[in-house]
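The primary structure of each chain is shown beneath.
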Amino acid sequence: MKNFFSNLGYKIQRFMVGRYGADQLWRALIIFYLIAILITNIVYRFSKIAYYSLSVLSLAIIVFAVFRVFSKNIEARRKENQEWLKITGGIRQKFIFAKERNKQRKTHKFVKCKQCKKVLRLPKNKGKLNVSCPHCKNQFVVNTGKKM
C-alpha cells in the first residue's frame, strides 16, 4: 500500500506533462463555483426553477475549470488567463495597494496631491512638511503629526 501512494504522485506528474495545469483564472473559476453552489443551496427553498438553472450554471463552471486544467492547448489557455489578468488587473492593484498602506500605516502618512490626485507617502511625526509632488511638481504643506 505504501508503494502505491508513492507511485501515485509520480503517475499524476507524468499524466500532467504537456497539459496546462492551474492558474489564476482556474482559481477564480473555483471560487465562482463555490459561490454558485452556496447560492444554489439558498435558492432551493424559494424556487425550483432557479435552483436547477443555478445547478446547471455551477456544473458548467466546474466542467470548464477542469477542462482548462487538463487541456493540451497551452497557448489558448495562456491567452485566456492573460485576458482574465488584464480584466482584473485594476482591482487586484487596488487590493495590493491597500494592503501595503495598511502595513505602513504606523510609520507613514498617505496624502493625495490636490492637483493630480496621486497618492504620496510621507514619513509620520515630522511636523509640517513642505511637499513637492514628483508627478506634477505642485507644492503644498502637509501636517504629518507631532515632531518627536
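Residues numbered from 1 in each chain as written. Predicted model: local features only at pLDDT ≥ 70, side-chain atom pairs only at ≥ 80, totals over all residues. Heavy atoms only, no water.

Trainee: Break down the overall build of the protein for me, with residues and values.
Mentor: Looking only at helices and strands, the protein features four helices and four strands. In sequence order, the secondary structure elements of the protein are arranged as α-α-α-α-β-β-β-β. The C-alpha atoms of the protein give a radius of gyration of 25 Å, which is well past the 15 Å a tight globule of 148 residues would have. With the principal axes as the frame, the protein shows a C-alpha extent of 70 × 50 × 35 Å. Within the protein, the fraction of its 148 residues that count as buried is 22%. (Helix = DSSP H or I, 4+ residues; strand = E, 2+ residues; numbered from the N terminus. Rg over C-alpha atoms; globule rule 2.2 N^0.38 Å. Buried < 20%, exposed > 50% of the residue type's maximum accessible area, 1.4 Å probe, protein only.)

Trainee: Give me the packing of aromatic side chains: which residues, what numbers.
Mentor: Each aromatic ring pair is specified by the distance between its two centres and by the angle formed by the two planes. Under the definition given, this model contains seven aromatic pairs. Residues Phe4 and Phe5 carry aromatic rings whose centres are separated by 5.3 Å and whose planes lie at 70° to one another, so their mutual orientation is edge-to-face. Members of the aromatic cluster, each reached through a chain of ring pairs, are Tyr44, Tyr51 and Tyr52. For the cation-ring pair, Lys48 lies above Tyr44, with the distance from its terminal atom to the ring centre recorded as 3.6 Å. Just above the ring of Phe140 sits the side chain of Lys114; from NZ or CZ to the centre is 5.8 Å. (Phe/Tyr/Trp six-rings, centres within 6.5 Å; stacked < 30°, edge-to-face > 60°. Lys NZ or Arg CZ within 6 Å of the ring centre and 35° of its normal.)

Trainee: If you had to explain the environment of Gly18 to someone new, which residues and values would you point to?
Mentor: As for its position among the elements, Gly18 is in the loop between helix H1 (2-16) and helix H2 (24-43). When the C-alpha positions of Gly18 and Phe140 are compared, they lie 58 Å apart, and in sequence the two are 122 residues distant. With residues near it in sequence (within four places) discarded, Gly18 still touches Ser71, Lys72 and Ile74. (Contact = heavy atoms within 4.5 Å.)

Trainee: I'd like a rundown of the packing of H2 against helix H3 (residues 48-70), residues and numbers included.
Mentor: Where H2 contacts H3, the two axes come as close as 9 Å, and the packing angle between them is 160°. By the angle class used here, H2 and H3 are roughly antiparallel. Along this stretch, H2 crosses H3, giving a crossing that reads as left-handed. Where H2 approaches H3, its residues Leu25, Trp26, Leu29, Ile30, Phe32, Tyr33, Ala36, Ile37, Ile39, Thr40 and Val43 are matched on the opposing element by Ala50, Tyr51, Leu54, Ser55, Ser58, Ile61, Ile62, Phe64, Ala65, Arg68 and Val69. By residue class, the composition of the contact of H2 with H3 is 18 nonpolar, three polar and one charged. (Axes fitted to C-alpha atoms, helices over the stretch in contact; angles between N-to-C directions. Parallel < 35°, antiparallel > 145°, perpendicular 65-115°, else oblique. Left-handed = near helix turned anticlockwise from the far one by under 90°. Nonpolar A, V, L, I, M, F, W, Y, C, P; charged D, E, K, R; others polar.)

Trainee: Can you explain unusual backbone geometry? Please cite residues and give values.
Mentor: Both trends apply: most residues other than glycine have a negative phi, and most peptide bonds are in trans. Despite not being glycine, Asn125 has its phi angle at roughly 60°, a positive value. Backbone geometry places Lys137, a non-glycine residue, at a positive phi of 65°. Tracing the backbone shows Lys137 in the loop between strand S3 (128-132) and strand S4 (139-143).

Trainee: Quick one: what's the story with helix H4 (residues 74-103), residue by residue and with numbers?
Mentor: With 30 residues, H4 extends only 38 Å from end C-alpha to end C-alpha; this falls clearly short of the ideal 44 Å at 1.5 Å per step. When the local axis directions of H4 are compared, the greatest deviation, roughly 55°, occurs at Thr88. Arg77, Asn81, Thr88 and Gly89 are the residues of H4 that are buried. (Expected span 1.5 Å × (residues − 1). Bend = angle between axes of the 7 residues up to and from the residue.)

Trainee: Would you mind going over the pattern of salt bridges in detail, with residue names and values included?
Mentor: Any two side chains of opposite charge can pair, so long as their charged atoms come close to each other. For the structure on display, the rule yields six salt bridges. Here Arg68 makes a salt bridge to Asp23, at a shortest N to O gap of 3.0 Å. Here Asp23 lies in the loop between H1 and H2 and Arg68 lies in helix H3, a separation of 45 residues in the sequence. An identical accessibility class is assigned to Arg68 and Asp23; each is buried. In this structure, Arg78 and Glu75 form a salt bridge, with 3.4 Å as the shortest nitrogen-oxygen distance. One end of the pair is Arg78 and the other is Glu75, both in helix H4 and three residues apart, which spans about a single turn. (Salt bridge = Lys/Arg side-chain N within 4 Å of Asp/Glu carboxyl O.)

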